[in-house]
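# Chain and residue survey
Each chain, written out:
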Amino acid sequence: AVPHHILAPYIASSRDIGSQWERGEVTVLEIGGEIAGAGVYYASAAEEGMGLPPHWASMRSLVVHPEARGQGFGQLLVEHFVERAGRDRRPTLALHTADYMEHAVRIYRKMGFLRCPEYDILASSFLGADPSGGDVLTTAYRLQLLRG
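Please read these numbers as outputs of a predicted model, since none were measured by experiment.

### Re the confidence of the model for the protein chain
When pLDDT is averaged along the protein chain, the result is 89, and 93% of the positions lie at 70 or above. When mean pLDDT is taken per element in the protein chain, strand β5 (residues 114-115) scores highest with 98 and helix α1 (residues 4-15) scores lowest with 69.

### Describing helix α2 (residues 73-87)
With 15 residues, α2 extends 21 Å from end C-alpha to end C-alpha; this agrees with the ideal 21 Å at 1.5 Å per step. If you check which residues of α2 are buried, you get Phe-73, Gly-74, Leu-77, Val-78, Phe-81, Val-82, Arg-84 and Ala-85. Along its buried surface, α2 packs onto β1 (25-31), β2 (34-42), β3 (57-64), β4 (92-97), α3 (102-110) and β7 (137-144). Downstream of α2 by one or two residues, Arg-89 has phi in the positive range, about 55°.

### Quick look at the packing of α2 against α3
One can describe the packing of α2 onto α3 by two numbers: an axis separation of 10 Å at closest approach and a directional angle of 45°. Between α2 and α3, the angle is such that the two are oblique. As for the relative orientation of α2 and α3, their crossing is right-handed in sense. Of the residues in α3, those touching α2 at Gly-74, Gln-75 and Val-78 are Ile-107, Tyr-108 and Lys-110. A class-by-class count of the residues in the contact of α2 with α3 yields three nonpolar, two polar and one charged.

So, how was this worked out
- Each chain has its residues counted from 1, running along the sequence as written.
- Local features in this predicted model are restricted to residues of pLDDT 70 or higher, and side-chain atom pairs are both shown and tallied only at a pLDDT of 80 or more, whereas totals for entire chains, interfaces and linings draw on every residue.
- As a convention, hydrogens and water are excluded, and side-chain values are obtained from all of the structure's heavy atoms.
- Along the chain, pLDDT gives the predictor's confidence residue by residue, from 0 to 100.
- Per the convention used, a helix needs a DSSP run of H or I reaching at least four residues, while a strand needs a run of E reaching at least two, with both numbered from the N terminus.
- One less than the residue count of a helix, multiplied by 1.5 Å, gives the span that helix is expected to have.
- Think of it in three bands: with a 1.4 Å probe and only protein chains considered, a residue is buried below 20% of the maximum accessible area for its type, exposed above 50%, and partly exposed in between.
- For this analysis, residues touch if any pair of their heavy atoms sits within 4.5 Å.
- The convention used is that axes are lines fitted to C-alpha atoms, helices contributing only their stretch in contact, and that angles between N-to-C directions extend from 0 to 180 degrees.
- We call two directions roughly parallel when the angle between them is under 35 degrees, roughly antiparallel when it is over 145, roughly perpendicular when it lies between 65 and 115, and oblique otherwise.
- The handedness criterion is simple: a crossing whose near helix is rotated anticlockwise from the far helix by less than a right angle is left-handed, and one whose near helix is rotated clockwise is right-handed.
- Each residue gets one label: Ala, Val, Leu, Ile, Met, Phe, Trp, Tyr, Cys and Pro are nonpolar, Asp, Glu, Lys and Arg are charged, and the others, such as Gly, are polar.

So this is what it looks like as structure tokens:
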């Protein structure tokens, strides 16, 4: 189980897409006038502030509304970010996730994302949480788009 003192700030950080607006490109998926999902794309992964190389692109805060899950919207958003990184001629699209996000991890692996543990970080380090009550390893994945 994810410690509450880590989960609560993580959820708050993910929900606060507005704070990422100036550094990243927010994408909202609307179906029938309702928001079905959203995510943030960073042309330079360094703008995300999670320790990824600046010449890579990254994505963050990928969410799908609970009522819209199971319809392929998460994969559609990831495909959009892959295409966007390709247009930016970024060699790699990267992201951070956690093992408890099993469905998301399955999507990433199915799409060819590979683990890059050298960029793993502890959730407490970017959330400003006290790790003494437990922590969560935030695992890094990357999809190679171009050589380089």
